[in-house]
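Analysis of the macromolecular model
Now for the letters of each chain:
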2 protein chains.
Amino acid sequence: MGLSPSVQRLPTTFPLDEILVGDCIASMNALPPSSVDCVFADPPYNLQLGEGGLLRPDHSFVDAVDDDWDKFATFEAYDTFTRAWLTAARRVMKPNATLWVIGSYHNIFRVGSALQDLGFWILNDIVWRKANPMPNFRGKRFTNAHETLIWASRSAESKGYTFHYEGLKGGNDDVQMRSDWFIPLCTGDERLKGADGLKVHPTQKPEALLARTLLSATNPGDVILDPFFGTGTTGAVAKRLGRRFIGCERDPVYADAARKRIDAVEPLSTAALLVAPTKRAEPRVAFLSVIEAGHIRPGEMLSDARGRHTAIVRPDGTLMAGPVAGSIHKIGALVQGLPSCNGWDFWHATRGGKPVLIDTFRAKMRAAMGSAA
Amino acid sequence: MGLSPSVQRLPTTFPLDEILVGDCIASMNALPPSSVDCVFADPPYNLQLGEGGLLRPDHSFVDAVDDDWDKFATFEAYDTFTRAWLTAARRVMKPNATLWVIGSYHNIFRVGSALQDLGFWILNDIVWRKANPMPNFRGKRFTNAHETLIWASRSAESKGYTFHYEGLKGGNDDVQMRSDWFIPLCTGDERLKGADGLKVHPTQKPEALLARTLLSATNPGDVILDPFFGTGTTGAVAKRLGRRFIGCERDPVYADAARKRIDAVEPLSTAALLVAPTKRAEPRVAFLSVIEAGHIRPGEMLSDARGRHTAIVRPDGTLMAGPVAGSIHKIGALVQGLPSCNGWDFWHATRGGKPVLIDTFRAKMRAAMGSAA
DNA sequence: CTCTAAGGTGAATCTCCTT
DNA sequence: CAAGGAGATTCACCTTAGA
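Scoring rules and cut-offs
Residues numbered from 1 in each chain as written. Chains lettered and ligands numbered in written order. Predicted model: local features only at pLDDT ≥ 70, side-chain atom pairs only at ≥ 80, totals over all residues. Heavy atoms only, no water. Helix = DSSP H or I, 4+ residues; strand = E, 2+ residues; numbered from the N terminus. Contact = heavy atoms within 4.5 Å. Buried < 20%, exposed > 50% of the residue type's maximum accessible area, 1.4 Å probe, protein only. Pairing = 2+ DSSP bridges. Axes fitted to C-alpha atoms, helices over the stretch in contact; angles between N-to-C directions. Domains from an automatic or database assignment. Near = heavy atom within 4 Å. Polar contact = N/O pair within 3.5 Å; in protein donor to acceptor, adjacent residues only side chain to side chain. Nonpolar A, V, L, I, M, F, W, Y, C, P; charged D, E, K, R; others polar. Buried area = accessible area lost by both parts, 1.4 Å probe. Salt bridge = Lys/Arg side-chain N within 4 Å of Asp/Glu carboxyl O. Expected span 1.5 Å × (residues − 1). Right-handed = clockwise from strand over helix to strand, strands pointing away. Core = buried A, V, L, I, M, F, W, Y, C linked by side-chain atoms within 4.5 Å. UniProt positions renumbered as here; feature names shortened; annotations may be inferred. pLDDT = per-residue confidence, 0-100. Phe/Tyr/Trp six-rings, centres within 6.5 Å; stacked < 30°, edge-to-face > 60°. Lys NZ or Arg CZ within 6 Å of the ring centre and 35° of its normal.

1. A few points about the overall build of chain A
For chain A, the helix and strand inventory stands at 10 helices and 16 strands. Across chain A, the fraction of contacts at a sequence separation of at least 24, relative to all contacts at a separation of at least 6, is 64%.

This is how it looks when you write it as structure tokens:
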């Protein structure tokens, strides 16, 4: 490649919120292992079969010396390149980090196969449905109105990855966020333009797309690595959302544009970025504590919503149904003949003649614990 | 399998509108080369489901695909299988024939890579957006709400393939048909059920999906080959639309069901062979999308009509009132002390000193989404 | 008969902590 | 490290039962 050592930054300290100008594989290999929380990658994918093989469309501003970067004579060459950067990225991922890659039908099947071969575990493929796609001018195909993102964990054993299920559901009319996202292209003021009025980068991604990925799969303060930084959409969105970034970009012109762009970004207030705790992460409350706090009396009778099943509360926090005693969950499962049951969402106490779910009392205790802390 | 030679049909005449019971590769190899106009393939997806099974929140059991035909030991074994049937299919394709394959993220990247390696030329990838997908019961991923079809010609030199651009456009309110299709699952009367009331095949595809592919990429009288015929959706739709079919199916039970099904199909009159009008999705707009579109800023304060209640907009599309975060509906209900609330008709942003109902912004987006929904 | 309520179901790589 | 238990988790559509 012939990059001078001064340009190829080899960080002694961890390069937070910086752009590493140079080959992304060398830059990633210079980072310590297990050091980033998320990778977002928008690799070259304008593969087109020309006379001599697969070529990326010409970019006049790309230095001729740099041509090797994005020319791929064959699928095999593209696969070699893909495996190389995926391997380097996987090394710097923490065990529960996740990877996002975006592509189109030209390259996404190569990328998807490669990451499966390398041990990544696909969590979803996401379809970015473009609000305003380029029409198919010649009328020979369907309008290519989407691109595909792959979301993958580092391995099948990575069960602890970040996913803000409840937040996404809350922002989507209280139904689960689906795998198809409808988002407009990057146009207007958001699109970076040079002094000549031309777009600086041919494939600048919309910030809304990056925002949804980072809000889904990262926490404030997390480090996001982007091996193909371009004009820095990942960095701009990361800064605005209170995340940290590391960008790799081999073209100094893109890197400069990205730096200026990110400098101008105002981060959101930390108040707006607070992560609501998931139910699983909330403090445990024992059923016995609810009794001890006086919300439920020993000897009281609990029932299900329709009054078909009943059980007696014992002072040690177990229930008794007929001759059998056990936890609220076990007895709930037993009376229903089910393999399991969440007793908090099944049993009701009677208050003012009406059934009150016992989870209501737990919620009160959690609220009281919060104000006390 | 131990199929007897009499069952493994080796056609001396061309087997039009027949089901060849046996291994699809052997059946295809027994056909003359360059003899079919189109291939539609719904191969095993290699789902790799876990041992334990999956329960719904109400503890009922999810009837997953656990058939032996979907099990492969490794990705390598799946790739070998994929290359074998793709090679056999390619041999019988006419020079301008096209191939359709459907899959999910489990297998589609393997299939796409293999067919590129074999010389097929991808024309589009198509996203089947499911109207009614199965939810993600554990809240660990995005709802897997789509499957992917790849549409490919036999080679990059196949320029004369069939594509009914004008017909599709006419059936789509005179805008080009996009690469994302919104179609319901195969349920109700269309779903084949046995005498026991259970579904005959675990993965029967909707006829609407096949109809759109065949109307797009074949002519009346064309021969469509389906190497994984199953219960014969391809054959049923082909007959109804005045096309011919050849089906390969290993399981005689599926083949019998398919034969009976296809016998009952009434072909449409030629006058009726127009593109079915596009079924529009109801334009659901997430509050998050309103933020992404820039109509409302994260960190902004919303209030009710009289300014008695306020909440902060978070970047993920939830609201925060005091320490509690949730959807526009949940927080609206919370601040009013009501059991429920339509947040769209409750919360206002301030524009030019005046309160503007947030539903105003949703209406703007619906208008802008137009045909894409 | 109509209308409502309740129940079933679809290609799913679907938990996590403690003992 | 395996086993067991706590407890968290569903959307759109269709069919059937019941009023």
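2. Here we look at unusual backbone geometry
Residues and elements named next belong to chain A. Phi is positive for S34, close to 50°, though the residue is something other than glycine. Structurally, S34 can be placed in the loop between α1 (24-29) and β2 (36-41). By relative accessible area, S34 is classed as partly exposed at 41%.

3. Quick look at the sheet that holds strand β1 (residues 18-21) of chain B
Residue and element names in this part refer to chain B. The strand order across the open sheet built from eight strands is β1-β8-β7-β2-β3-β5-β4-β6, with neighbouring strands paired in mixed fashion. The outermost strands of the open sheet, each flanked by one partner alone, are β1 and β6 (180-183). On average, each strand axis in the sheet is inclined to that of its neighbour by 20°, with strand direction left out of account. Here β1 runs beside strand β8 (residues 244-249); their pairing, made up of four bridges, is parallel. Looking across to β8, one finds that V21 is bridged to E249. Most of the contacts of helix α2 (residues 75-92) go to strand β3 (residues 93-103), to which it runs at about 145°, and overall it touches β2 (36-41), β3 and β7 (223-226).

4. Points about the domain arrangement of chain A
According to the domain assignment, chain A consists of domain 1 (18-47 + 56-272) and domain 2 (287-371). A C-alpha centroid distance of 48 Å is found between domain 1 of chain A and domain 2 of chain A.

5. Details of the protein's contact with DNA strand D
Contacts to DNA strand D come from 30 residues, most closely from Y165, K169, H329 and R362 of chain A together with R284 of chain B. For DNA strand D, the backbone makes up 62% of the atoms found within 4 Å of the protein, where backbone means sugar plus phosphate. Take W344 of chain A: an N or O atom from its side chain is 3.4 Å from a phosphate oxygen of DNA strand D. Separating a phosphate oxygen of DNA strand D from a side-chain N or O atom of R362 of chain A is a distance of 2.7 Å. Elements with a contribution of two residues or more to the surface near DNA strand D: α4 (165-170) and α9 (328-336) of chain A. Sorting elements by how many residues they give to the surface near DNA strand D places α4 of chain A first, with three residues. Residues that form the surface near DNA strand D fall into these classes: nine nonpolar, 10 polar and 11 charged.

6. Considerations on the protein's contact with DNA strand C
Residues and elements named next belong to chain B. Taken together, 40 residues form the shell around DNA strand C, and within it Q48, R56, Y105, R138 and K199 come nearest. The protein-proximal atoms of DNA strand C, defined as those within 4 Å of the protein, are 46% sugar or phosphate. Between DNA strand C and the protein, one listed contact pairs a base nitrogen with a backbone N or O atom of N132 at 3.0 Å. Between P202 and DNA strand C, the recorded distance is 3.3 Å, taken from a backbone N or O atom to a phosphate oxygen. Broken down by class, the residue content of the surface near DNA strand C amounts to 19 nonpolar, seven polar and 14 charged.

7. Quick notes on the interface of chain B and chain A
In this assembly, 76 residues from chain B lie in contact with 71 residues from chain A. Between chain B and chain A, the buried area comes to about 6,400 Å², and carbon and sulfur atoms account for 53% of it. Together, F109, R141 and F142 of chain B form the three largest contributors to the area buried by chain B at its contact with chain A, with a combined 14%. Inspection of the chain B/chain A interface yields five salt bridges. The shortest N-O distance in the salt bridge between E292 of chain B and R212 of chain A comes to 2.7 Å.

8. Focus: α2 of chain B
Relative to the 26 Å expected for 18 residues at 1.5 Å per residue, α2 of chain B spans 26 Å between its end C-alpha atoms, a close match to the ideal helical length. Three or more residues of α2 of chain B are buried, namely F75, Y78, D79, T82, W85, L86, A88, A89, R90 and V92 of chain B. For α2 of chain B, the secondary structure elements touched by its buried residues are α3 (108-117) of chain A together with α1 (24-29), β2, β3, α3 (108-117) and β7 of chain B.

9. What to know about the pattern of salt bridges
Summed over all chains, the structure comprises 34 salt bridges over all chains. Of the charged contacts, one joins R110 of chain B and D117 of chain A as a salt bridge, the two residues approaching to 2.8 Å between their closest N and O atoms. Taken as a pair, R110 of chain B in helix α3 and D117 of chain A in helix α3 lie in two separate chains rather than in one. Among the residues examined, R110 of chain B registers a relative accessible area of 4% and is labelled buried.

10. Concerning the environment of P184 of chain A
Residues and elements named next belong to chain A. When you line up the elements, P184 lands in the loop between β8 (180-183) and α5 (207-217). Separated by 54 residues in the primary sequence, P184 and K130 place their C-alpha atoms 5.3 Å from one another. Excluding its chain neighbours within four sequence positions, the residues that come into contact with P184 are W128, A131, N132 and P206.

11. Details of the pairing of strand β10 (residues 244-249) of chain A
Counting buried positions along β10 of chain A gives five out of six residues, so the element sits mostly inside the fold. Each parallel crossover has a hand, and the one from strand β9 (residues 223-226) of chain A via helix α6 (residues 233-240) of chain A to β10 of chain A is right-handed.

12. Things to note about the side chain of D180 of chain B
Within the fold, D180 of chain B resides in strand β6. At 2.6 Å, the side chain of D180 of chain B and the side chain of R129 of chain A are in polar contact. Within the structure, the side chain of D180 of chain B is placed 2.8 Å from the side chain of R178 of chain B, a separation counted as a polar contact. Ignoring anything within four residues of it in the chain, the contact list for D180 of chain B reads R129 and A145 of chain A together with V127 and R129 of chain B.

13. Considerations on the nonpolar core
In terms of nonpolar packing, the biggest core is built from 67 residues, with W85 and L115 of chain A together with L115 of chain B touching the most fellow members. In terms of residue count, helix α2 (residues 75-92) of chain A provides more of this core than any other element does, seven residues in total. Ranked by size, the runner-up nonpolar core spans 40 residues in total, among them I19, W100, Y161 and L241 of chain A.

14. What about the UniProt feature "domain: RAMA" (unreviewed entry) in chain A?
The UniProt feature table records "domain: RAMA" (unreviewed entry) at residues 273-368 of chain A. As annotated, residues 273-368 of chain A has a helix share of 27% and a strand share of 22%, and its two end C-alpha atoms lie 24 Å apart.

15. Here we look at the confidence of the model for chain A
Residues and elements named next belong to chain A. Averaged over all residues, the pLDDT of chain A is 89; the fraction at 70 or higher stands at 89%. In the predicted structure, residues 1-10 sits below a pLDDT of 50 and forms 17 contacts with residues beyond four places in sequence or in another chain. Predicted confidence for residues 49-67 stays below pLDDT 50, and this span has 32 contacts to residues more than four positions away or in other chains.

16. Observations regarding the sheet that holds strand β5 (residues 93-103) of chain A
Residues and elements named next belong to chain A. Read from one edge of the open sheet, eight strands run β1-β10-β9-β2-β5-β7-β6-β8, paired in mixed fashion. Both outer strands of the open sheet, β1 (18-21) and β8, are each paired with one neighbouring strand and no more. Geometrically, the sheet is characterised by an average inter-axis angle of 20° between neighbouring strands, direction not taken into account. Against the sheet, α2 engages β2, β5 and β9, with an angle of about 145° to β5.

17. Digging into helix α6 (residues 233-240) of chain B
All names here are of chain B. Where burial is concerned, most of α6 is hidden: six out of the eight residues are buried. T233, T234, G235, A236, V237 and A238 are the residues of α6 that are buried. Buried residues in α6 make contact with β2, α5 (207-217), β7, β8 and α7 (252-263). G242 occupies a position one or two residues after α6 and carries a positive phi of about 75°.

18. As for the packing of aromatic side chains
Scanning the model with the defined rule gives 34 aromatic pairs over all chains in all. Judged by centre distance (6.3 Å) and plane angle (45°), the ring pair of F109 of chain A and F109 of chain B falls under tilted. Highlighted residues: F109 of chain A in helix α3 and F109 of chain B in helix α3, drawn from two different chains. Owing to a relative accessible area of 2%, F109 of chain A belongs among the buried residues under this scheme. With centroids separated by 5.4 Å and ring planes inclined at 20°, the aromatic side chains of W100 of chain B and W151 of chain B adopt a geometry described as stacked. Pair noted here: W100 of chain B is in strand β3 and W151 of chain B is in strand β5 (residues 146-153), with a separation of 51 residues, a long-range link. Residues W100 of chain B and W151 of chain B agree in their burial class; the two are buried. Chaining the aromatic ring pairs together yields one cluster made of W100, W151, Y161, F163, Y165 and W181 of chain A together with F142 of chain B. Here the basic side chain of R362 of chain A rests over the ring of W344 of chain A, its NZ or CZ set 4.4 Å away from the ring centre.

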